[in-house]
Amino acid sequence: MSCNTNQIEELVKKIVAEYNTTGAKTEEYGYGIFDTMDDAVEASAKAQKEYMNHSMADRQKYVEGIREVICDQKNLDYMSKLAVEESGMGCYEHKKIKNKLAAMKSPGIEDLATEAFSGDDGLTLVEYCPFGVIGAIAPTTNPTETIICNSIAMLAGGNTVVFSPHPRSKGVSIWLIKKINAKLEELGAPNNLIVTVKEPSIDNTNIMMKHPKVRMLVATGGPGIVKAVMSTGKKAIGAGAGNPPVVVDETADIKKAAVDIVNGCSFDNNLPCIAEKEIVAVDSIADELIANMKANGAYELKDPAIIEKMVDMVTKDRKKPQVGFVGKSAQYILDKVGIQVGPEVKVILLEAPKDHPFVQIELMMPILPLVRVPNVDEAIDFAVEVEHGNRHTAMMHSKNVDKLTKMAKDIETTIFVKNGPSYAGIGVGGMGYATFTIAGPTGEGLTSAKSFCRKRRCVVQNGGHIR
Ligand code: NAD
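Read on for a plain summary of the structure. Think of each chain on its own: its residues are numbered from 1, step by step along the sequence as written. In keeping with the model being predicted, local features are shown solely for residues with a pLDDT of at least 70 and side-chain atom pairs are shown and tallied solely at 80 or more, while totals for entire chains, interfaces and linings include all residues. For the side-chain quantities, the full set of heavy atoms in the structure was used; hydrogens and water were omitted.

**Notes on the nonpolar core**
A general trend in soluble globular proteins is that nonpolar side chains are found buried together.
Reasoning step 1: In these notes, a set of buried Ala, Val, Leu, Ile, Met, Phe, Trp, Tyr and Cys residues joined through side-chain atoms within 4.5 Å is what counts as a nonpolar core. Exposure is judged per residue with a 1.4 Å probe applied to protein chains only, and the accessible area is read against the type maximum: over 50% gives exposed, under 20% gives buried, and values in between give partly exposed. Among the nonpolar cores identified, the biggest contains 125 residues, and Val248, Ile279, Leu289, Met293, Met310 and Ile367 are the most heavily contacted of them.
Reasoning step 2: For the domain bounds, the source is a domain assignment made automatically or taken from a database. Each of domain 1 (14-240 + 446-457) and domain 2 (245-430) accounts for three or more of the residues forming this core.
Reasoning step 3: Setting aside residues up to four positions removed in sequence, Ile367 forms contacts with Lys277, Met310, Val314, Ile333, Ile348, Leu350 and Phe358.
Reasoning step 4: By size, the runner-up hydrophobic cluster in this structure holds 18 residues, among which are Met37, Ala40, Ala43 and Leu217. Note on contacts: a residue pair is in contact if any heavy atoms of the two residues lie within 4.5 Å.

Structure below.
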């Protein structure tokens with residue numbers, strides 16, 4: 001067969017497009033990808049029935065299989081790169097850390113500890129059992145991380161999952177779902193333990209949310225989708241928006257605080273919902289904090305005209321972030337206002353009044369406003385105010401135990417990190433397991449396998465106990 005130049009170009013485009021969605025030379029469909037949402041849900045329901053006959057050891061084997069797929073260096077590099085390229089957000093090196101974290105530190109079946117009551121009247125067990133088919137909606141800010149940690153936790157719990165990825169991350173999400181399914185099939189799992197549709201969209205998410213065979217909904221995203229799942233009448237878990245403040249008082253180790261804040265704020269270009277979004281600093285140490293941050297990767301913006309230009313550029317009417325700047329690097333954002341810096345600049349620092357849009361909006365980009373306050377009590381009060389009642393995440397750098405306790409109590413966030421970067425709260429350099437679905441609004445907190453299970457009681461009368 002001979003081809004002219006145009007035909008060859010078309011052929012190359014087709015192969016590249018196919019590679020971008022499949023990541024491997026597989027057929028267009030299969031491995032959990034369906035044309036319609038109805039087909040995807042039906043396949044998931046069928047798979048869940050079959051899955052109920054698999055052992056707990058099988059479930060753990062599948063969890064290990066997912067970990068293997070993600071930690072394969074080629075896969076890890078590919079999905080991290082594609083997630084950044086496709087969504088236009090985030091930082092490749094940090095995506096690799098986040099994907100690996102989700103794979104290695106999301107708990108498996110060990111999370112499902114059985115409760116038992118035993119005595120003269122017999123034995124009663126309370127076990128964590130599957131809901132069935134779960135509809136899981138993933139954000140564009142952590143597309144693969146959410147699919148990884150949700151897949152591990154939901155499958156460990158005996159459920160199957162219908163994913164609704166963000167349309168802006170559909171290629172990488174479809175690629176990942178296929179990769180995971182291929183591995184699960186190789187390990188003897190039922191087909192279609194995790195599924196999605198070829199064209200993820202808001203319409204398809206709505207069909208999924210209404211489908212009678214979807215028993216539980218899990219939304220990881222902004223306030224709109226969290227409200228949507230909570231209004232369905234189904235069991236819903238909402239992992240919503242935050243605007244995490246970091247308070248620094250006069251007793252803090254200022255140098256450590258500066259380094260932690262720069263690192264936490266710039267992690268994946270500030271995409272994580274837990275990342276430092278504004279500093280509230282006590283006046284007496286604010287200058288020292290700024291100087292230390294500048295020595296550790298912060299660029300201080302002082303010119304009011306440039307700050308105004310940046311507000312116009314990165315926000316929509318001073319109310320919402322401009323999607324085109326979400327998850328972009330400090331270097332990129334500065335360049336767009338005519339300031340050229342090197343990649344060593346990780347955070348754009350500026351002093352701002354309390355009502356400034358950069359302070360009030362969840363920007364999800366490494367622009368970090370600092371608000372000065374006269375004392376630690378005012379710092380805590382303002383941190384509570386600017387967190388907007390999300391009760392998501394907050395940080396405090398202080399050696400004053402009373403004030404640390406006061407802030408923890410007043411702000412009521414799901415995650416409160418003392419004297420560390422925000423990411424310590426999800427297990428990076430901090431104790432505890434990881435998740436990228438942090439359910440503040442519905443109260444599950446840092447979700448894990450048991451969050452996606454029903455508690456069921458099984459009673460044996462007058463027997464079963466051995467004392
Ligand atoms: P987003 O709310 O725009 O989208 C999230 C998902 O919901 C996407 O899949 C999107 O397609 C879908 N969606 C949104 N509105 C919908 C609607 N009306 N009907 C049906 N589907 C809808 O959020 P995003 O920009 O992808 O992610 C960023 C937001 O998510 C931030 O607010 C961030 O704080 C939050 N987030 C929270 C957590 C957490 O664990 N709490 C984790 C990651 C992100």
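**Digging into the sheet that holds strand β5 (residues 160-164)**
Pairing between the strands of a sheet is mediated by backbone hydrogen bonds and can be parallel or antiparallel.
Reasoning step 1: When DSSP locates at least two bridges between a pair of strands, those strands are taken to pair. Secondary structure elements are taken from DSSP: a helix is a run of H or I of four residues or more, a strand is a run of E of two residues or more, and numbering for both begins at the N terminus. Spatially, the six strands line up as an open sheet ordered β1-β6-β5-β4-β7-β8, and their pairing is parallel. At either end of the open sheet lies a strand with only one pairing partner, and these are β1 (33-34) and β8 (235-239).
Reasoning step 2: Pairing geometry for strand β4 (residues 133-137) and strand β7 (residues 214-220), over five bridges, is parallel. Directly across from Ile137, in β7, lies its bridge partner Ala219.
Reasoning step 3: Relative to strand β6 (residues 194-197), helix α7 (residues 170-186) is tilted by about 150°, and along the sheet it contacts β1, β5 and β6.
Reasoning step 4: Strand contacts of helix α9 (residues 223-230): β4, β7 and β8, with the helix running at about 165° to β8, the strand carrying the most contacts. All axes here are fitted lines through C-alpha atoms, helices being fitted over the stretch that makes contact, and every angle between N-to-C directions spans 0 to 180 degrees.

**Structural notes on the site of the ligand**
Reasoning step 1: Nearness of a residue to a molecule or strand requires only that one of the residue's heavy atoms be within 4 Å of it. Taken together, 28 residues are adjacent to the ligand, and Ala138, Thr140, Gly222, Glu362 and Ile438 come closest.
Reasoning step 2: Distance and chemistry together define a polar contact, namely a pair of N or O atoms within 3.5 Å, with one atom able to donate a hydrogen and the other to accept it when in protein, and with adjacent residues in sequence counting only for side-chain atoms on both sides. A distance of 2.5 Å separates an oxygen atom of the ligand from a polar side-chain atom of Glu362.
Reasoning step 3: Residue Ile438 places a main-chain N or O atom 2.6 Å away from an oxygen atom belonging to the ligand.
Reasoning step 4: Contact with the protein chains covers 85% of the free accessible surface of the ligand, which is 840 Å².
Reasoning step 5: The greatest single-element share of the shell around the ligand, amounting to three residues, is contributed by helix α8 (residues 202-210).
Reasoning step 6: Among the residues making up the shell around the ligand, the classes are represented as 13 nonpolar, 14 polar and one charged.
Reasoning step 7: Counting residues domain by domain, the shell around the ligand receives three or more from each of domain 1 (14-240 + 446-457) and domain 2 (245-430). Using a 1.4 Å probe, accessible areas were evaluated by the Shrake-Rupley method; residue-level cover was limited to the displayed protein chains. Three categories are distinguished: nonpolar for Ala, Val, Leu, Ile, Met, Phe, Trp, Tyr, Cys and Pro, charged for Asp, Glu, Lys and Arg, and polar for the others, with Gly belonging to the last.

**Some details on the packing of helix α5 (residues 92-105) against helix α6 (residues 143-156)**
Each packed pair of helices is defined by two parameters, the angle between the axes and the distance between the axes.
Reasoning step 1: Where α5 meets α6, the axes come as close as 8 Å, and the angle between the chain directions of the two elements is 5°. Overall, the two elements α5 and α6 adopt an arrangement that is roughly parallel. Together, Lys95, Lys98, Asn99, Ala102 and Ala103 of α5 and Pro143, Thr144, Glu145, Ile148, Cys149 and Ile152 of α6 make up the contact between the two elements.
Reasoning step 2: In terms of residue class, the contact of α5 with α6 is built from six nonpolar, two polar and three charged. Just so you know how the angles are binned, under 35 degrees is roughly parallel, over 145 roughly antiparallel, 65 to 115 roughly perpendicular, and the rest oblique.

This is a description of form; function is not addressed.
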